[in-house]
Every structure is written in structure tokens, then in C-alpha cells.
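Residue-level listing of the chains:
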Amino acid sequence: MVTMSVSRPRLYDALLQAHLARRRQMAFLSGPRQVGKTTSARAAGDAYLSWDDADHRRVLLRGPQAIVEHLGLARLRADRPVLVLDEVHKFRRWRGLVKGLFDTHGADLRVVVTGSARLDAFRRGGDSLMGRYLPYRMHPFSVGEVVDPTLPEGERLVRRPRAISEADWVALSEHGGFPEPFVERDKRFTRRWGDLRRQQLVREDVRDLATIQDLGQLEVLATLLGALSGTQLTYSRLADDVQVSVDTIRRWLTTLVSLHHGFLVRPWFRNVPRSLRKEPKWYLRDWSGVADPGQRAETLVACHLLKAVETWEDLGLGEFKLGYLRDKHKREVDFVVVREGAPWILIEVKHADEALSPTLAYYQERLKAPFAFQLVLQAPFVAADPLARPRSPLVVPARTLLSQLP
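Criteria and cut-off values
- Residues numbered from 1 in each chain as written.
- Predicted model: local features only at pLDDT ≥ 70, side-chain atom pairs only at ≥ 80, totals over all residues.
- Heavy atoms only, no water.
- Helix = DSSP H or I, 4+ residues; strand = E, 2+ residues; numbered from the N terminus.
- Rg over C-alpha atoms; globule rule 2.2 N^0.38 Å.
- Contact = heavy atoms within 4.5 Å.
- Areas by Shrake-Rupley, 256 points an atom, 1.4 Å probe, with all protein chains shown as cover.
- Buried < 20%, exposed > 50% of the residue type's maximum accessible area, 1.4 Å probe, protein only.
- Arc of directions from axis to C-beta.
- Polar contact = N/O pair within 3.5 Å; in protein donor to acceptor, adjacent residues only side chain to side chain.
- Pairing = 2+ DSSP bridges.
- Axes fitted to C-alpha atoms, helices over the stretch in contact; angles between N-to-C directions.
- Phe/Tyr/Trp six-rings, centres within 6.5 Å; stacked < 30°, edge-to-face > 60°.
- Right-handed = clockwise from strand over helix to strand, strands pointing away.
- Core = buried A, V, L, I, M, F, W, Y, C linked by side-chain atoms within 4.5 Å.

When helices and strands are counted, the protein shows 15 helices and 13 strands. At 22 Å, the protein has a C-alpha radius of gyration in line with the 22 Å of a compact globule built from 406 residues. Its C-alpha atoms put the protein at 65 × 50 × 45 Å along the principal axes. Of the contacts formed within the protein by residues at least 6 apart in sequence, a portion of 66% connects residues at least 24 apart. Of the roughly 18,600 Å² that the protein leaves accessible, carbon and sulfur atoms contribute 48%.

See the structure below:
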């Protein structure tokens, strides 16, 4: 087993530092369980309170003034300290707590709030915190973050290609991007870690955040979804397998997405004749648990593209969406990255096949997308920028393009 330091630099260390230096709003950092939120937040913070700690919970329940007294804010300080509030979304009235803290003491205090669920997932009605926070979404390690954990410069979306080491590439491919298994690089540890993470998500996170009684059936659904990463979901078939209604399957999927177990990619149908419009594709956040090599390759790329799209948006670099293309003639392209409402990059993923898919050219012509790539997971790195200029479909090593993304 390879042993390494867990404290690898993260893109999100730089992101939080930039936010705290420039913005008055609270930073809301959400992401999957065990993705490294607490580590990055505590590295940026001066004080830490966690809802999961009984002593800290007593302070939080007493309200903003008790928090201020606990931090000793009455003492003269040279600058505004940074308070990290970890997992406070598990408190039913957490939004009122952080609103009161910010409104009363925001001039003397900077606040980072972290959560293993989307921090807007269970909001009802209007957003009482509007204008008081900026959200950031944290993802596991990716090729781009491993080779360069800094923020994109200025308005630039992508960087020049940089080679990832063979050891890091194999570790990402086999163990996923979550920090612990990526660093440990031990197959038995990765399996046990993945099983425990899934069990904790269903038995603890769902229990804390949603009123779902049939946790056993929900765990069956989560297990089934583990084999369906990279495929189109048929809700009626899942409902039959789990023995619940289609509406229940939809509701449970919404909960699992909110808790970052996986995500849905929906078909892009604008300007696509006879396009499919309703069938989403499902992807796990942890591709190390996907057994089929083709599905694993597609899931790895899906996670990288989602990270890029959400990071660009969180940094204020524009409006982006991730979709896929499929029509009723079964012509399909795995992904389309949409920029400011228009298709920008089309991507087909292959594990090893470098024979160019003709469907890429069909959809590129139809949608007028500047770029169309067939990413090959097993192809060696090439130090050439495929995004240097628009061109017809091109076979590109996955590790080349993925190294350019945040």
C-alpha cells in the first residue's frame, strides 16, 4: 500500500481565501460527505463550531450572542476573525441562526458555513438569506485539481494542458477522487470506505434531513443506482424493483441528489429534432464503485464536467449547463456543455476505442457547437490544446482535456 500525506492542497483552499479577502457575504460551502469541506474550511478559519459536537451544539442553541461571547469578540482585534459553522443545516432553524449572526455581527466577523447537503435543498418559500451569502460547491479531486490546485486566472475558463503523473492518474481512475481513498490507494480500504459512506448517507444523513420512514427500501434503491451509473433511468422499473410508487422514486432520487450521492444529467433538446426530453441519466459521485469499465469511464468524465460547470458558475464566470444528446433514432452523444444558452463542447466518452463516432459530426453540424471531442480514457497524454480553436470532431486523450478544467 502506498502511503501519502492527506494534506494535499485543494482548489477550495484558494477559493475560500479569495472569498474571505474580497467579499463581505458569508461563504456557504456544500458538497458530499467526506469530500474535505471541514478540512478546507478549518484551514481558512480562526474558530470552529460544529453541530455534531455536543458542547458546540449547546453554544449554537443559545443563539448569536452566546456565539459571540464564546469567541470573545468583545476583545479588540486587528481584523475580522473567521468563524466556521459546520453541519449547522441539521438544526431545523439554522437559517434564522446564521441570519441573526450575520445581521448583528457581520461587521466584526466573517462566516463560513459548511454542509453535506445542498444548503438550499430543504428551503421552503423565499430565501431569507438573500444577499447575505455566496454559495460554493465542493467536489472530489479531479485531474485538473491534482495538477494545478489554483483558481483560473481572470475570465479564463480553461488552462493549458498539463500532464498528470501516472500514479495519480491510476489512483483517480481506480480509487476515485474523494480524499481518503485517493490518498490511501488501497483496494480493500476503498471498498470498505465506499460501503460505509453509502450506509452512513442513507442511515444518518437521510434520517437527519428528510422524513423518510422506509430507510431499508431507500438503501435498496441506493444499491441499485450503484449499478446504473451512466445509464438512463426508467422510474417505473425502479419503482417495481423497490416496491414503491413512481412518485416515491422521484422524491427519493431528489433526496439522494440533494445529499450528493449522485446527480442527474438531462437531455438537451433545443434544435434537436425528435429529441428525448424526459429521460435523465444518473451518475454516482464516486466512480470507484462502478464495476463496468465503460460506465466507470463515463462517470469519471461526468463528475469532471459537473465540477467544471459548477465551479465556473460559482466563480461568476458565466452560465453553464451539463446535458446529453439523444433522439428517437437513438443517435446519442454522452455530454453537451452549454455556455450562455448555446452548445459549446460535445463530448463522447470511450474507454479505449479511438474510432471516431459519426454521431459527433451529425450533432456538431446540427447545433453549431464550436468543439466536439471523443475522449479516450486509455490514450496517453498529449501536450496540445484541443480548445485552441474551433474544429471538426477530434479524438482527444481524456487526461489532456480533463487537465485543463478546474
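Turning to helix α3 (residues 54-61), a few remarks are in order. Of all the positions in α3, only H56, V59 and L60 are classed as buried. Projected down its long axis, α3 carries its buried residues within an arc of 100 degrees, all on one side. Where α3 is buried, its residues contact β2 (47-50), α4 (64-71), β3 (82-86) and α5 (94-105). Residue D53 occupies the N-cap position of α3, its side-chain oxygen lying 2.9 Å from the main-chain nitrogen of D55. A positive phi of about 100 degrees marks G63, the residue just after α3.

Reading across the sheet, the eight strands line up as β6-β8-β7-β9-β10-β11-β12-β13 and stay open at both edges, with mixed pairing between neighbours. Only two strands of the sheet have a single partner each, and these edge strands are β6 (231-232) and β13 (394-397). In this sheet, strand β11 (residues 342-350) lies alongside strand β10 (residues 332-339) in antiparallel orientation, the contact comprising five bridges. In the sheet register, V338 faces β11, and the bridge partner there is P343. Along the sheet, helix α12 (residues 246-258) makes contact with β7 (262-267) and β8 (281-284), crossing β7 at roughly 115 degrees.

Before going further, it helps to examine the environment of V82. Within the fold, V82 resides in strand β3. Here V82 falls in the buried class, since its relative accessible area comes to 3%. V82 sits 35 residues away from A47 along the chain, and the two C-alpha atoms are 6.4 Å apart. In this structure, V82 is in contact with L20, A44, G45, D46, A47, R110 and V112, ignoring residues within four places of it in sequence.

Okay, the packing of aromatic side chains next. Evaluated as defined, the whole model comprises 12 aromatic pairs. Plain terms: the ring middles of Y362 and Y363 are 5.0 Å apart, the flat faces sit at 75 degrees to each other, and that makes the pair edge-to-face. Look at Y363 and you get buried, because its relative accessible area is 0%. By the ring-pair criterion, three or more aromatic residues cluster together here, those being F28, W94 and Y133.

Before going further, it helps to examine the pairing of β3. Among the five residues that make up β3, five are buried, leaving the element largely enclosed by the rest of the structure. Burial along β3 is two-sided: the face carrying V82, V84 and D86 and the face carrying L83 and L85 are both buried. Strand direction decides the pairing type here: β3 and strand β4 (residues 110-115), joined by five bridges, are parallel. Opposite V82, over in β4, you have R110 as the bridge partner. Considered for its hand, the β-α-β crossover made up of β3, α5 and β4 is right-handed.

This part takes up the nonpolar core. V301, W312, F335, I347 and L375 are the most contacted members of the largest nonpolar core, which has 46 residues in total. Among the elements that line this core, the one with the most residues is helix α13 (residues 293-314), at 10 residues. Counting 24 residues, the second largest nonpolar core, distinct from the first, contains M26, V59, L73 and L97.

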